[in-house]
Amino acid sequence: MPKVLIIEDELTLVEKLANNLRSEGFDVETAMDGEVGLEKVRSLLPDLIVLDIMLPGLDGLSICRIVRRDVTTQHIPIIMLTARSTEVDKIIGLESGADDYVVKPLVLGEFLARVRAVMRRAPGRPTTRQDELVSGSLRMNLTGRRVFKNDAEVRPPLSNKEFDLLAELMRNENVVLSRDLILTKVWGYDYFVDKRTVDVHVRWLREKLEDDPSNPKRIVTVRGVGYRFEG
Ligand code: CA
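Because the structure is predicted, anything quoted here is derived from the model rather than measured. (Residues numbered from 1 in each chain as written. Predicted model: local features only at pLDDT ≥ 70, side-chain atom pairs only at ≥ 80, totals over all residues. Heavy atoms only, no water.)

1. A short note on the domain arrangement of the chain
Now for step 1: On domain assignment, one finds that the chain holds domain 1 (3-121) and domain 2 (132-229).
Now for step 2: Between the C-alpha centres of domain 1 and domain 2 there is a distance of 24 Å.
Now for step 3: Taken residue by residue, the interface counts 14 residues in domain 1 and 15 residues in domain 2.
Now for step 4: Roughly 1,400 Å² is buried in total at the junction of domain 1 and domain 2, and carbon and sulfur atoms are behind 53% of that figure.
Now for step 5: The interface formed by domain 1 and domain 2 includes 0 salt bridges.
Now for step 6: Remark: the boundary between domain 1 and domain 2 carries 2 residue pairs in polar contact (both at pLDDT 80 or more). (Domains from an automatic or database assignment. Contact = heavy atoms within 4.5 Å. Buried area = accessible area lost by both parts, 1.4 Å probe. Salt bridge = Lys/Arg side-chain N within 4 Å of Asp/Glu carboxyl O. Polar contact = N/O pair within 3.5 Å; in protein donor to acceptor, adjacent residues only side chain to side chain.)

See below:
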């Protein structure tokens with residue numbers, strides 16, 4: 001049974017989420033402050049973390065960064081909860097490493113759809129696909145989820161979503177992918193994600209991978225359609 005850890009300090013919300021996730025077949029653990037939450041991440045190694053931003057002790061964005069830096073926890077998918085849409089940029093940005101986010105007040109159906117989607121594409125599942133994608137100076141190690149440019153590992157490392165997006169683009173080298181197709185393939189569902197999310201992630205990828213991010217040569221915009229990875 002997949003294990004979810006909810007780190008959230010609003011008791012009524014914790015109970016609501018826990019009950020619904022249990023009825024979806026998850027084994028649910030909870031923590032109501034940041035430090036206890038981080039301890040439980042390390043001791044339980046859950047399959048998914050649902051993480052509030054504003055927490056007593058240690059805030060959610062800090063927890064997210066710590067989890068991503070630790071090799072024993074960096075693969076665990078994280079869904080962030082936020083009360084403010086102004087925080088969304090920070091969450092999906094370069095630093096946090098969250099896989100997805102839900103803005104409060106939370107719509108339960110949307111939340112559960114995101115949980116299912118994140119779990120579907122969680123890494124660590126057996127795959128028979130090739131282990132590496134290579135194009136010019138870029139190399140992706142798919143099982144290790146590492147990216148190299150000119151044989152040096154790309155720093156800071158790609159978030160899970162950036163990694164999946166780059167893999168999708170590289171698998172389709174020289175082919176134009178529409179935003180809709182990218183959303184379906186990388187985010188795994190169509191209903192709740194703003195299409196601009198794709199653009200934001202492309203921007204972050206370019207900053208990490210392109211020699212000159214303002215004049216991209218690898219991930220090229222195809223106006224009115226989407227993006228193409230140039231081989
Ligand atoms: Ca809170």
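2. Quick look at the sheet that holds strand 1 (residues 3-7)
Now for step 1: As summarised here, the arrangement of the 5 strands in space is 2-1-3-4-5, forming an open sheet in which the pairing is parallel. For this open sheet the edge positions go to strand 2 (27-31) and strand 5 (100-103), each flanked by a neighbour on one side alone. When the angles between neighbouring strand axes are averaged without regard to direction, this sheet yields 20°.
Now for step 2: One ladder, built from 5 bridges, connects strand 1 with strand 2; its direction is parallel. When the sheet's bridge partners are listed, Ile6 is paired in strand 2 with Thr30. (Pairing = 2+ DSSP bridges. Helix = DSSP H or I, 4+ residues; strand = E, 2+ residues; numbered from the N terminus. Axes fitted to C-alpha atoms, helices over the stretch in contact; angles between N-to-C directions.)

3. Comments concerning helix 8 (residues 196-209)
Now for step 1: Taking 1.5 Å per residue, 14 residues should reach 20 Å; helix 8 reaches 20 Å between its end C-alpha atoms and fits that length.
Now for step 2: Summarising burial for helix 8: 10 of the 14 residues are buried, a large majority.
Now for step 3: Burial in helix 8 covers these residues: Thr197, Val198, Val200, His201, Val202, Trp204, Leu205, Arg206, Lys208 and Leu209. (Expected span 1.5 Å × (residues − 1). Buried < 20%, exposed > 50% of the residue type's maximum accessible area, 1.4 Å probe, protein only.)

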